[in-house]
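Listed below, chain by chain, are the residues.
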Amino acid sequence: MIFGDIAKAIAQLGDARFRGVLGKGLGLTLLLLVGIYAGFVQLLTWLDPASFDLPFLGPNALVGGLLTWGSMALMLVLSIFLMIPVASVITSLFLDDVADAVEDKHYPHLPPAPRVTFGEVARDTLNFLGVMIGVNLIALVLLPFYWFAAPFVFYMINGWLLGREYFTVAALRREGRAGANALRARHRMAIWFAGILMAVPLTIPVLNLLVPILGAATFTHFYHRVAGRP
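What counts and how
Residues numbered from 1 in each chain as written. Predicted model: local features only at pLDDT ≥ 70, side-chain atom pairs only at ≥ 80, totals over all residues. Heavy atoms only, no water. Core = buried A, V, L, I, M, F, W, Y, C linked by side-chain atoms within 4.5 Å. Buried < 20%, exposed > 50% of the residue type's maximum accessible area, 1.4 Å probe, protein only. Helix = DSSP H or I, 4+ residues; strand = E, 2+ residues; numbered from the N terminus. 1 Å grid on protein atoms, 1.4 Å probe; cavity = no way out; pocket = protein on both sides within 12 Å on 5 of 7 lines; lining within 4 Å. Points joined across faces, edges and corners; volume = space filled by probe spheres on them. Nonpolar A, V, L, I, M, F, W, Y, C, P; charged D, E, K, R; others polar. Axes fitted to C-alpha atoms, helices over the stretch in contact; angles between N-to-C directions. Parallel < 35°, antiparallel > 145°, perpendicular 65-115°, else oblique. Left-handed = near helix turned anticlockwise from the far one by under 90°. Contact = heavy atoms within 4.5 Å. Salt bridge = Lys/Arg side-chain N within 4 Å of Asp/Glu carboxyl O. Patch = residues over 30% accessible without salt bridge, like charges linked within 9 Å, V, L, I, M, F, W, Y side chains within 5 Å. Areas by Shrake-Rupley, 256 points an atom, 1.4 Å probe, with all protein chains shown as cover.

Enquirer: Report on the nonpolar core, specifying residues and quantitative values.
Expert: Membership of the largest hydrophobic core comes to 40 residues, with the highest contact counts inside it found for Phe-18, Val-98, Leu-162, Phe-167, Phe-219 and Phe-222. Elements with a minimum of two residues in this core: helix 1 (2–11), helix 2 (16–47), helix 4 (95–106), helix 5 (118–141), helix 7 (150–186), helix 8 (188–199) and helix 9 (211–226). Broken down by element, the residue count for this core peaks at eleven residues, all from helix 7.

Enquirer: Requested: an account of the layout of surface pockets, with residues and values cited.
Expert: Estimated volume of the second largest pocket: approximately 530 Å³. Around the second largest pocket, the lining comprises 27 residues; the ones closest to its centre are Asp-124, Thr-125, Glu-165, Thr-168 and Val-169. Secondary-structure elements contributing two or more residues to the lining of the second largest pocket are helix 4, helix 5 and helix 7. In terms of residue class, the lining of the second largest pocket is made up of twelve nonpolar, six polar and nine charged.

Enquirer: So what's going on with the side chain of Asp-5? Which residues, and what values?
Expert: Note that Asp-5 resides in helix 1. Look at Asp-5 and you get buried, because its relative accessible area is 2%.

Enquirer: So what about the packing of helix 1 against helix 8? Which residues, and what values?
Expert: For the pair helix 1 and helix 8, the least separation of the axes is 10 Å and the interaxial angle reads 45 degrees. In terms of orientation, helix 1 lies oblique with respect to helix 8. Between helix 1 and helix 8 lies a crossing whose hand is right-handed. Here helix 1 contributes Ile-2, Phe-3 and Ile-6 to the contact with helix 8, which in turn contributes Ala-190, Phe-193, Ala-194, Leu-197 and Met-198.

Enquirer: Got a sec to walk through the pattern of salt bridges? Specific residues and values, please.
Expert: The final tally for this structure, using the stated rule, is seven salt bridges. Residue Arg-17 pairs with Asp-104 through a salt bridge whose shortest N-O separation is 2.9 Å. Here Asp-104 lies in helix 4 and Arg-17 lies in helix 2, a separation of 87 residues in the sequence. Between Glu-103 and Arg-173 there is a salt bridge, with its nearest N and O atoms 3.1 Å apart. Placement of the pair is Glu-103 in helix 4 and Arg-173 in helix 7, with a sequence separation of 70 residues. Judged by its relative accessible area of 4%, Arg-173 falls in the buried class. Taken together, the shared-partner salt bridges in this structure form one network comprising Asp-96, Asp-100, Glu-103, Arg-173 and Arg-174.

Enquirer: Give a detailed account of a nonpolar patch on the surface, specifying residues and quantitative values.
Expert: On the surface, Ile-138, Val-141, Leu-142 and Phe-145 cluster together into a nonpolar patch covering about 450 Å² of accessible area. Here Ile-138 shows up in helix 5.

Below is the structure:
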């Protein structure tokens, strides 16, 4: 049944609202990275690196040139590594739209779900990001003790985190926080397994950009399948 949830989510990836969420995530990420670089360049301008004095040589414009080109190279490298995680976090702010698209297509008999406030979504997203970074940093520090099982540990940890996050996104809209937590506890093992399946694309470049959208869609189906069951 979980594979069926994933299959229905994948079949809807071409949905215009899915593409809209992905576009907003990527667009805002690019704006953020450009803004960070502009701020860094402004800082260099304020420091006036071209007027740096080298011992015995005096003012040296070469230093300013190296810093300017070095900053561009540094930003390019950082963008490669930051683009995907930052885009995933920003995309997560709009996952209500993904859940709405899934329900409109597959559960049209349901009344519209109350919208979760942007502040609450942002708080949950930042909390999730903090926990995910913290847990993975701890796992990285302990890597020498379990290097032989590193892939297994990666999928287990991130599967638990992703399953918890995306099921909560789906259930919170119709159950409230207490109801979502209770339902998640009731089906925690199935949620963990589905989360592990969501963690697999995290290791595939470009495809990992779709993980938030795929996760929200999959767990919307998962939620409606288990809601109300004992």
